[in-house]
Structure formats: structure tokens, C-alpha cells
Amino acid sequence: MVSVLCVCLGNICRSPIAHGVLERKADNIGLDCQIDSCGILSYHAGEQPDLRSIKVAQDHGYDIEEQRSRQIIPADFQKYDYILAMDNANIDDLLERCPVEFQYKIELFMAYAEDSLVSDIPDPYYGSERDFDYVLTLAEKAADGLLKHLRKKHLAE
Ligand code: 4NP
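Rules used throughout
Residues numbered from 1 in each chain as written. Predicted model: local features only at pLDDT ≥ 70, side-chain atom pairs only at ≥ 80, totals over all residues. Heavy atoms only, no water. Phe/Tyr/Trp six-rings, centres within 6.5 Å; stacked < 30°, edge-to-face > 60°. Helix = DSSP H or I, 4+ residues; strand = E, 2+ residues; numbered from the N terminus. Buried < 20%, exposed > 50% of the residue type's maximum accessible area, 1.4 Å probe, protein only. Pairing = 2+ DSSP bridges. Axes fitted to C-alpha atoms, helices over the stretch in contact; angles between N-to-C directions. Near = heavy atom within 4 Å. Polar contact = N/O pair within 3.5 Å; in protein donor to acceptor, adjacent residues only side chain to side chain. Areas by Shrake-Rupley, 256 points an atom, 1.4 Å probe, with all protein chains shown as cover. Nonpolar A, V, L, I, M, F, W, Y, C, P; charged D, E, K, R; others polar. Arc of directions from axis to C-beta. Contact = heavy atoms within 4.5 Å.

1. Some thoughts on the packing of aromatic side chains
In this description, a pair of aromatic rings is defined by centroid distance and the angle of the planes.
Item 1. Considering all chains together, one arrives at two aromatic pairs under this definition.
Item 2. Judged by centre distance (6.4 Å) and plane angle (75°), the rings of Y82 and Y112 are edge-to-face. In this pair, Y82 sits in strand β3 (residues 82–85) while Y112 sits in the loop between β4 (106–108) and α5 (129–154), placing the two residues 30 residues apart along the sequence.
Item 3. You can call Y82 buried: its relative accessible area is 7%.
Item 4. For Y112, a relative accessible area of 13% puts it in the buried group.

2. Examining the sheet that holds strand β1 (residues 2–8)
Item 1. Spatially, four strands are ordered β2-β1-β3-β4 in an open sheet, and the strand pairing comes out parallel. Of all the strands in the sheet, just β2 (33–39) and β4 have a single pairing partner and so form its edges. When the angles between neighbouring strand axes are averaged without regard to direction, this sheet yields 25°.
Item 2. Direction of pairing for β1 relative to β2: parallel, over a ladder of seven bridges.

3. Here's the deal with the site of the ligand
Item 1. C8, L9, G10, N11, I12, C13, R14, Y43, H44, D123 and Y125 make up every residue found near the ligand.
Item 2. One of the side-chain N or O atoms of H44 is found 2.8 Å from an oxygen atom in the ligand.
Item 3. Measuring from an oxygen atom of the ligand, one finds a side-chain N or O atom of D123 at 3.2 Å.
Item 4. Taking 350 Å² as the accessible area of the ligand by itself, protein coverage stands at 93%.
Item 5. Per-class residue counts for the shell around the ligand are six nonpolar, three polar and two charged.

4. Points about helix α4 (residues 88–97)
Item 1. Within α4, burial applies to N90, I91 and L94. Burial along α4 is one-sided: seen end-on, the buried residues are contained in an arc of 105°.
Item 2. Residues of α4 that are buried in the fold lie against β1, α1 (14–28), α3 (74–79), β3 and β4.
Item 3. N-cap assignment for α4: the residue whose side-chain oxygen lies 3.1 Å from the backbone N of A89 is D87.

Here is the structure:
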């Protein structure tokens, strides 16, 4: 079974949305996969996603309320097939922590979005509801592209 770990800084705004969107879309197409999310920081460990993330997700039909924030641990680098960062700063932080042999797994989530010139999903923590809406729009694009890729690569295996 293919496994995907979505990573952002706090694991309360962006990666929980990415996690929820991927989980639902994978389920919709019958792709058997394991999705999780985590943060670089431990500040919010144990907390549920930011209420603004919960709301925007809910408005688009995704339930992320049960998720709890956790910090990335060394075992994640071995365990997950895809380690997908929400922005380039997350990439730098991940590469600093990841053994060289697993660094090939670390990519930008938005690298999978088709027809998108955007590479980073901007941190909405200090932003408005509109910024959370933008995160959801980008996450859906990246998720669609990633699932297309996974279907091609892993359903045939
Ligand atoms: P996230 O947003 O990385 O999308 O979860 C943030 C949430 C909290 C903090 C930073 C970013 N923080 O510094 O507490």
C-alpha cells in the first residue's frame, strides 16, 4: 500500500487540509493508501486543526475535525513513500532532519498540481478566511495531480 505524509510547519492549518482532501479523494477513486500529516514544530502537538481550517474543509465536504497535530519523527522518513511539503521552507527543514538515503522522498506537494505556476502553499496562520480558502483550492489541485500519478504508478503494481 502506498503511503503519503503531508508536512507543514505547525500541522494545524495546511497539512491537515491536504491530509483530509487526499484521504477523501483517494477513497473516491478506490485507491488503497495510507495518508497522514505532521509538522516541523511541536508547538501544537495534540491539538485539533485550526478552526478556520476545519471550517473551510467542512464547507467543501471534508471532515478533518478528528485529526490531531504531531511533530515529525525520525521513523517517518523510512515509513512513508512520499513526504510532501507545503512550502520550500518545509523542504529545507525536512532535508536537515532526513537521512540522505530517504531524501529522494521529499518533494513539494504543489509539484503534483497540473497547470499551476504556484510552488508553495502559503502559510495562512496570520491570514484571513480567504487565505484558508486559497489553501484548500491549491490542496485540491495538488491532490488531483498526485492521485493521477499514484493511480498510474501503483494501481498497475
Ligand atoms: P501550518 O500553519 O504550518 O500551515 O500549520 C502554522 C501554524 C502555526 C504556526 C505556524 C504556522 N506557529 O508558528 O504556531
